[in-house]
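# A look at the structure
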Amino acid sequence: MSRPRRPLTGWAFLAPYAIAVALLVAVPALLNLGYAFTDHTGLTRDPQFIGLDNIRRMLHDRFLLDSLEASLFHVALAVPVRFVAAVGLGLLLAAPRPGGRWFRTAVYLPTVIPDVALAVLFLWVLNPLYGPLNQLLGLFGHQGYNWLADPSTARIGVVLMLAFPIGEGFVVVLAARRLLNGRLYEAAALEGCGPFGQLRRLTLPLLAPVLVLLAVRDIILTLQVNFVPAYVLTDGRPANATLYLPVYIFDQVFEFSGFAYGSLVTILLMLITAVIIIVLLLAVRRWRVLR
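Residues numbered from 1 in each chain as written. Predicted model: local features only at pLDDT ≥ 70, side-chain atom pairs only at ≥ 80, totals over all residues. Heavy atoms only, no water.

Looking at an unreviewed UniProt entry, the protein chain carries the name Sugar ABC transporter permease, with the source organism given as Micromonospora fiedleri. UniProt's Sequence similarities (unreviewed entry) comment on the protein chain is quoted here verbatim: "Belongs to the binding-protein-dependent transport system permease family." What UniProt records for the protein chain under Subcellular location (unreviewed entry) is the sentence "Cell membrane". (UniProt positions renumbered as here; feature names shortened; annotations may be inferred.)

See the structure below:
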């Protein structure tokens, strides 16, 4: 007779995931850290240890300062726009309404469009001569902008593109809102609490954990996954206004064969992301949003 099989423990279930994280995340991260202190170009087999030379170079890199400024400005502008759009549309379309299914589909649809295709589409939208955005502004008597040729409007153009693929956050807010107990809103209505009061006193506090998670996720995405729109729309120009850190890392590694320096800038990007997220979580804790 065969022995009965023992049920799998939690460690057995987590083992494949842990192995994948080790091979695909931990090992590359350690290699990246090691390369940051060498003269590796990505072409030679035997990089040489050069100590802190890359850090000294970083401290005097004017283009890196431009890239940091562009990235931080981008986060300060794009994250609130994406967050408010996802949360606002998720709450607005959570209630049953005529045609609500089609509206929800329309909100999610830009998310399934490949980033390159969406960027090419926005090259047409932002065209100063025949783009629909300038044509729309012309209806109000405005001459429009040369969107991708001016530093300030180029940054806004990238943010406008990233304001559309918000489907993941929208679906999360939509599902979380529908899970809230409707009796709470009935009781609030009986107490004379209007829609705005219910939003401020019920919906937002109850959804606070979900909203904080979405904010953290959006900060990571906005900082680290803005390569395609910036590269296709502007290639970091004009005047380095859209030279975000992922674009700068790509230029250093693949155009200038600066694999080691690109590794160091990658570590800097990770540290900046971690600092921003820690500051956000400390602010949330200070404001007692999560209890």
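### Concerning the overall build of the protein chain
When its secondary structure is counted, the protein chain shows 14 helices and zero strands. Reading the protein chain from its N end, one meets helices and strands in the order α-α-α-α-α-α-α-α-α-α-α-α-α-α. Oriented by its inertia axes, the alpha-carbon framework of the protein chain measures out at about 85 × 75 × 45 Å. Counting every position in the protein chain, which comprises 291 residues, the buried fraction comes to 36%. (Helix = DSSP H or I, 4+ residues; strand = E, 2+ residues; numbered from the N terminus. Buried < 20%, exposed > 50% of the residue type's maximum accessible area, 1.4 Å probe, protein only.)

### A short note on empty space enclosed by the protein
According to the stated counting rule, one finds one cavity of 30 Å³ or more in the structure shown. Roughly 90 Å³ of volume is contained in the largest cavity. Looking at the largest cavity, the residues that line it are Arg-82, Phe-83, Ala-86, Val-87, Ile-166, Gly-169, Leu-214, Arg-217 and Asp-218. For the lining of the largest cavity, the secondary structure elements donating two or more residues are helix H3 (62-92) and helix H11 (208-224). (1 Å grid on protein atoms, 1.4 Å probe; cavity = no way out; pocket = protein on both sides within 12 Å on 5 of 7 lines; lining within 4 Å. Points joined across faces, edges and corners; volume = space filled by probe spheres on them.)

### Details of the packing of aromatic side chains
Under the defined criterion, the tally for this structure stands at seven aromatic pairs. Relative to Phe-250, the ring of Phe-227 lies with its centre 5.0 Å away and its plane at 50 degrees, an arrangement referred to as tilted. With Phe-227 in helix H12 (residues 227-233) and Phe-250 in helix H13 (residues 245-255), this residue pair connects regions lying 23 residues apart in the sequence. For Phe-227, a relative accessible area of 24% corresponds to the partly exposed category. For Phe-250, a relative accessible area of 24% gives the class partly exposed. (Phe/Tyr/Trp six-rings, centres within 6.5 Å; stacked < 30°, edge-to-face > 60°.)

### A closer look at the side chain of Asn-134
Residue position: Asn-134 is located in helix H6 (residues 132-139). Residues within four places of Asn-134 in sequence aside, it is in contact with Asn-127, Pro-128, Gly-144, Tyr-145 and Trp-147. (Contact = heavy atoms within 4.5 Å.)

### Looking at the nonpolar core
Grouped together as the largest cluster of nonpolar side chains are 35 residues, with contacts concentrated most on Leu-64, Phe-122, Leu-245 and Val-265. Among the elements of the structure, H3, helix H5 (115-125), helix H7 (151-162), H11, H12, H13 and helix H14 (259-286) are those that each provide at least two residues to this core. Not counting residues within four places of it along the chain, the set of residues in contact with Phe-122 comprises Leu-160, Met-161, Phe-164 and Leu-233. Counting residues in hydrophobic clusters, the runner-up holds ten residues, among them Ala-176, Leu-180, Tyr-185 and Leu-202. (Core = buried A, V, L, I, M, F, W, Y, C linked by side-chain atoms within 4.5 Å.)

### Comments concerning the layout of surface pockets
Reported here for the second largest pocket is a volume of approximately 260 Å³. At the level of secondary structure, the elements contributing two or more residues to the lining of the second largest pocket comprise helix H4 (100-112), H5 and H11. Looking at which element gives the most residues to the lining of the second largest pocket, the answer is H11, with three residues. Taken together, the residues that form the lining of the second largest pocket break down as eight nonpolar, three polar and four charged. (Nonpolar A, V, L, I, M, F, W, Y, C, P; charged D, E, K, R; others polar.)

### Some words on the packing of H13 against H14
If you want to describe how two helices pack, look at the angle between their axes and the distance between the axes. Two elements in contact, H13 and H14, have axes separated by 8 Å at closest approach and are oriented at 165 degrees. Relative to H14, the element H13 lies roughly antiparallel. Note that H13 runs across H14; the crossing there is left-handed. In contact with Leu-245, Pro-246, Tyr-248, Ile-249, Gln-252 and Val-253 of H13, H14 contributes Phe-259, Tyr-261, Gly-262, Val-265, Thr-266, Leu-269 and Ile-272. Split by residue class, the contact of H13 with H14 holds ten nonpolar, three polar and no charged. (Axes fitted to C-alpha atoms, helices over the stretch in contact; angles between N-to-C directions. Parallel < 35°, antiparallel > 145°, perpendicular 65-115°, else oblique. Left-handed = near helix turned anticlockwise from the far one by under 90°.)

### A look at the environment of Leu-65
Within the element layout of this structure, Leu-65 appears in helix H3. Separated by 175 residues in the primary sequence, Leu-65 and Asn-240 have C-alpha atoms spaced 10.0 Å apart.

### Focus: a nonpolar patch on the surface
Together, Tyr-17, Ile-19, Val-21, Leu-23, Leu-24, Val-25, Val-27 and Leu-31 make up a nonpolar patch on the protein surface, roughly 810 Å² of accessible area in all. Counting through the fold element by element, Leu-24 comes out in helix H1 (residues 10-35). Under the relative-accessibility criterion, Leu-24 is labelled exposed at 66%. (Patch = residues over 30% accessible without salt bridge, like charges linked within 9 Å, V, L, I, M, F, W, Y side chains within 5 Å. Areas by Shrake-Rupley, 256 points an atom, 1.4 Å probe, with all protein chains shown as cover. Salt bridge = Lys/Arg side-chain N within 4 Å of Asp/Glu carboxyl O.)

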